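Coordinate inspection notes
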Amino acid sequence: SPVGSYARNEPQFALPRRKASLKTKNIGVYLDFDNLFGSLLRELGIDPRERKQKNYALLPIEVKVVREILSKFLPTFLYFGLEERFATHVRYIKAFAVFSKLPFANQIGDIQNLLHNVGIEPFPSFIAQNTKDASDRALILEVLEDIFFNQLPIDIVVIGSGDIDFYPLISFFYEHSNKYLYLLSFENSLSSLYKKIPLTALKLIDIKTLQLSPSDSESFGEILREKRNTLRKSIEESFLSFKRLFFEKLLNSEKEGKEVRTGLVLSKWRKEWKKQGYNFDSNEVNHFLNLLQKEGSIKIEPDKKDTPLRGKIVSLIK
């Protein structure tokens, strides 16, 4: 194995450090950005699949935090975290994705430009409709071209993905190359097979364990945990305000025998609340209505199966 043992106790899912004897000069990083971005959102408590099913997107505070992580913390911990861990130089980071199809891409803005401005080279995959795995294929071909054909001066290759589909590349790489290859991923997104296969079991890096320097004990995982707590507190505060205002209107409407529909909340009540200093956007309203349903305070009788947050609202508070 090209790595030694830990100088201190580390999580099992992490790369052992060995600085003095690892005589390498350059690291090349290839990110399966479709995979990592989805994992990043889930680390922040954002479930893209649920949002899509419920038909609401990111809240304004979530957009701000995601952009901050992509433009500041992710590139910083990738560059300096990997350099600190290997005691060598990150020559480049390349990111592969169908960027226009990333979750909430229209809200976050030009993700390609954002990454480019922080030193991560985006490689967009132009695909036909319903084509799968285009980014994976583009990443694999780029590794083969860079390392085997162009023979770039790279000593360590880092693949940023937990997808088991990359195992054929890993197997080919170690059969035909004398360079080092490691997998970088969120532990929860890593295929369990990688931990069982001897070829990869000791070559896994949990992205959350990356640190900028030995003197800076804060890891990328701790940054994400802080940001998740920030989101939770901010959303909870807004939700409590929304809940109070919402039930004042809902209970009064029910006393007057008026039917309340979600469209009324979005189109009229939201404007009234804005005049009172509570500026909820449409995604926040839908998110909070969903939370009220989850806690059993209301029931929404949907107009259609594919519009679960559109329909008649019934109070379940006795």
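Reference entry: report on the structure contained in this document. Only a predicted model underlies this, so the values are computations on that prediction, with no experimental measurement involved. (Residues numbered from 1 in each chain as written. Predicted model: local features only at pLDDT ≥ 70, side-chain atom pairs only at ≥ 80, totals over all residues. Heavy atoms only, no water.)

Before going further, it helps to examine the overall build of the protein chain. A count of helical and extended segments in the protein chain gives twelve helices and ten strands. When the 318 residues of the protein chain are sorted by exposure, 48% land in the buried category. Sequence separation of 24 or more characterises 70% of the internal contacts of the protein chain that already satisfy a separation of 6 or more. In the structure as shown, the protein chain presents an accessible area of about 16300 Å², 49% of it carried by carbon and sulfur atoms. (Helix = DSSP H or I, 4+ residues; strand = E, 2+ residues; numbered from the N terminus. Buried < 20%, exposed > 50% of the residue type's maximum accessible area, 1.4 Å probe, protein only. Contact = heavy atoms within 4.5 Å. Areas by Shrake-Rupley, 256 points an atom, 1.4 Å probe, with all protein chains shown as cover.)

Turning next to the packing of aromatic side chains. Summed over the entire model, instances satisfying the criterion amount to 21 aromatic pairs. Ring geometry for phenylalanine 148 versus phenylalanine 172: centroids 5.3 Å apart, planes at 65°, classification edge-to-face. Here phenylalanine 148, found in helix H6 (residues 134-149), pairs with phenylalanine 172, found in helix H7 (residues 167-176); they are 24 residues apart in sequence, far enough to count as distant. A relative accessible area of 34% means that phenylalanine 172 is categorised as partly exposed. Seen in terms of ring centroids, tryptophan 273 and phenylalanine 280 are 6.0 Å apart; in terms of plane orientation they differ by 90°. Their pairing is edge-to-face. Grouping residues by exposure puts tryptophan 273 and phenylalanine 280 together as buried. (Phe/Tyr/Trp six-rings, centres within 6.5 Å; stacked < 30°, edge-to-face > 60°.)

By size, the foremost hydrophobic cluster in this structure holds 72 residues, and its most contacted members are Phe33, Phe220, Phe242 and Phe246. It is helix H3 (residues 60-86) that provides the largest number of residues to this core, a total of twelve residues. Excluding its chain neighbours within four sequence positions, the residues that come into contact with phenylalanine 246 are Val265, Trp269, Trp273, Leu289, Leu292, Ile298 and Ile313. With 19 residues, the next largest nonpolar core counts Val143, Leu169, Ile170 and Leu181 among its residues. (Core = buried A, V, L, I, M, F, W, Y, C linked by side-chain atoms within 4.5 Å.)

The subject of this paragraph is the sheet that holds strand E5 (residues 180-185). Paired through their backbone hydrogen bonds, the strands of a sheet run either parallel or antiparallel. Taken in spatial order, the six strands line up as E3-E2-E1-E4-E5-E6 in an open sheet, and their pairing is parallel. Sheet topology places strand E3 (121-124) and strand E6 (204-206) at the edges, where each strand pairs with a single neighbour. Strand after strand, the sheet turns through a mean of 25° between neighbouring axes, direction not considered. Bridge count for strand E1 (residues 26-32) against strand E2 (residues 89-97) is seven bridges, and the pairing is parallel. Counterpart to tyrosine 30 in the pairing with E2 is lysine 94. (Pairing = 2+ DSSP bridges. Axes fitted to C-alpha atoms, helices over the stretch in contact; angles between N-to-C directions.)

This part takes up H6. Its 16 residues give H6 an end-to-end C-alpha distance of 21 Å, which sits within 8% of 22 Å, the value for a rise of 1.5 Å per residue. Taken residue by residue, H6 has Ala134, Ser135, Asp136, Leu139, Glu142, Val143, Asp146 and Ile147 as its buried positions. Summarising the contacts, the buried residues of H6 are in contact with E1, helix H1 (33-43), E2, E3, strand E4 (156-160) and H7. (Expected span 1.5 Å × (residues − 1).)

Once that is clear, we can look at the packing of helix H10 (residues 220-255) against helix H11 (residues 262-275). Interaxial distance between H10 and H11 falls to 11 Å at its minimum, and their mutual angle equals 120°. Crossing of H10 against H11: the hand is right-handed. On H11, the residues that touch Phe242, Leu245, Phe246, Lys249, Leu250 and Ser253 of H10 are Val265, Trp269, Glu272 and Trp273. Grouping the amino acids of the contact of H10 with H11 by side-chain chemistry returns seven nonpolar, one polar and two charged. (Left-handed = near helix turned anticlockwise from the far one by under 90°. Nonpolar A, V, L, I, M, F, W, Y, C, P; charged D, E, K, R; others polar.)

Evaluation of the coordinates by the stated rule reveals one cavity of 30 Å³ or more. In terms of lining residues, the largest cavity is bounded by Phe33, Leu36, Phe37, Leu40, Leu70, Leu74, Phe186, Ile207 and Phe220. With four residues, H1 is the single largest residue contributor to the lining of the largest cavity. Across the lining of the largest cavity, the residue classes break down as nine nonpolar, no polar and no charged. (1 Å grid on protein atoms, 1.4 Å probe; cavity = no way out; pocket = protein on both sides within 12 Å on 5 of 7 lines; lining within 4 Å. Points joined across faces, edges and corners; volume = space filled by probe spheres on them.)

On to the pattern of salt bridges. Following the criterion strictly, the structure yields 15 salt bridges and no others. Residue glutamate 256 pairs with lysine 258 through a salt bridge whose shortest N-O separation is 3.1 Å. Both residues of the pair, glutamate 256 and lysine 258, belong to the exposed class. Its salt-bridge partner being lysine 299, residue glutamate 301 comes within 3.9 Å of it at the nearest N-O pair. Judged by relative accessible area, which is 34%, glutamate 301 ranks as partly exposed. Several salt bridges share partner residues, and in doing so they unite Lys94, Glu142 and Asp146 into one network. (Salt bridge = Lys/Arg side-chain N within 4 Å of Asp/Glu carboxyl O.)

With that out of the way, let us pick up the environment of phenylalanine 148. Of the residues examined, phenylalanine 148 reaches a relative accessible area of 23% and is grouped as partly exposed. Between the C-alpha atoms of phenylalanine 148 and phenylalanine 173, which are 25 residues apart in sequence, the distance is 9.3 Å.

Here we take up unusual backbone geometry. Unusually for a residue other than glycine, asparagine 55 sits at a positive phi of about 65°. Residue position: asparagine 55 is located in the loop between helix H2 (48-54) and H3. Despite not being glycine, glutamine 151 shows a phi value in the positive range, around 50°. Secondary-structure assignment places glutamine 151 in the loop between H6 and E4. What makes glutamine 151 exposed here is its relative accessible area of 60%.

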